[in-house]
Amino acid sequence: IASVSVEKDEKNRAKKNISKSQISGNSGIPIVEDKYSAAVKAYNIGDYNASIEMLNESLKNHHPKDEIYYHMALCHEKLKSYDESIKYFDKVISDKQSRLTEDALWHKSRLLLIQNKKDQALKSLEKITDLKGLHSPKAQHLIDSLKTK
């Protein structure tokens, strides 16, 4: 019980630090942290709703939208809002300049399988194999196993 309490206290302190949106520069003087970095930190400590709020705010700034959409999709995935997550992964996938397309397709495929949408998952997995990237071998393995069922 004591370890859970300590862990909860650490998480609360981390949330307070994130909500202040400050970090120390080399001089030790606090500087304002951008919302995107704060959102990623919130995600990393498991505060997915706060992360989504900050990501929405960071859409107004200069950060590449595909990175914001990707992290929004990950947050929604953790919250088990799979349709919402897929919506944001699709935004990443539709961005022809995105370097996160393959990762977004992989996550989308997994979520479609969780939702028992095998045919849609197979289409996403086939797109991954066409890209011939990092996820291609495991996508092909998954395609083979799904087609034999």
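Refer to the preceding data block for the structure.
These notes cover the structure that comes with them. (Residues numbered from 1 in each chain as written. Predicted model: local features only at pLDDT ≥ 70, side-chain atom pairs only at ≥ 80, totals over all residues. Heavy atoms only, no water.)

Some points on helix H2 (residues 35–44)
Note the following rule: Relative accessibility thresholds used throughout: buried, under 20% of the residue-type maximum; exposed, over 50%; partly exposed, between the two (1.4 Å probe, protein chains only). Only runs of H or I of at least four residues qualify as helices and only runs of E of at least two qualify as strands under DSSP, and these elements are numbered from the N terminus. Note that the arc is defined by the directions from the helix axis to the C-beta atoms. Between N or O atoms, a polar contact is any pair within 3.5 Å; within protein, one atom must be a potential hydrogen donor and the other a potential acceptor, and residues adjacent in sequence are included only when both atoms are from side chains.
Inspection of H2 places Tyr-36, Ala-38, Ala-39, Ala-42 and Tyr-43 among the buried residues, and these make up the whole buried set. Viewed end-on, H2 has its buried residues packed into an arc of 160 degrees, placing them on one side of the element. One side-chain oxygen of the residue at the start of H2 lies 3.1 Å from the amide nitrogen of Tyr-36, identifying that residue as Asp-34. Of the residues one or two after H2, Gly-46 is the one with positive phi, at around 90 degrees.

Here we look at the pattern of salt bridges
Condition: Salt-bridge detection follows one rule: a side-chain nitrogen of Lys or Arg within 4 Å of a carboxyl oxygen of Asp or Glu.
Enumeration over the complete set of coordinates arrives at 7 salt bridges. Here Glu-57 ties to Lys-35 by a salt bridge, and the two come within 3.5 Å at their closest N and O atoms. Taken as a pair, Glu-57 in helix H3 (residues 48–58) and Lys-35 in helix H2 lie far apart in primary sequence, 22 residues in all. Classification of Lys-35 by relative accessible area gives partly exposed; the value is 27%. Glu-77 is the partner of Arg-110 in a salt bridge, and the nearest nitrogen-oxygen pair spans 3.0 Å. Within this pair, whereas Arg-110 is found in helix H6 (residues 101–114), its partner Glu-77 is found in helix H4 (residues 65–78), the two being separated by 33 residues in sequence.

As for the packing of H6 against helix H8 (residues 136–147)
Axes are the key here: two packed helices are described by the angle between their axes and the distance separating the axes. To keep things clear, this is the line we draw: The axes used here are C-alpha line fits, helices contributing only the stretch in contact, and every angle between their N-to-C directions lies in the interval 0 to 180 degrees. Should an angle fall under 35 degrees it is taken as roughly parallel, and over 145 as roughly antiparallel, whereas 65 to 115 is taken as roughly perpendicular and any remaining angle as oblique. Left-handed describes a crossing in which the near helix is turned anticlockwise from the far one by less than a right angle; the clockwise case is right-handed. Throughout, a residue-residue contact means that at least one pair of heavy atoms, one from each residue, lies within 4.5 Å. Gly counts as polar in this scheme, as do all residues outside two lists: the nonpolar Ala, Val, Leu, Ile, Met, Phe, Trp, Tyr, Cys and Pro, and the charged Asp, Glu, Lys and Arg.
Two numbers describe how H6 lies on H8: the axes approach to 11 Å, and their chain directions differ by 25 degrees. It follows that H6 is roughly parallel to H8 by the angle criterion. Taken as a pair, H6 and H8 cross one another with a handedness that is left-handed. Across from Glu-102, Trp-106 and Leu-113 in H6, the residues of H8 making contact are Ser-136, Lys-138, Ala-139, Leu-142 and Leu-146. Residues belonging to the contact of H6 with H8 are distributed by class as follows: 5 nonpolar, 1 polar and 2 charged.

Geometry only, nothing functional implied.
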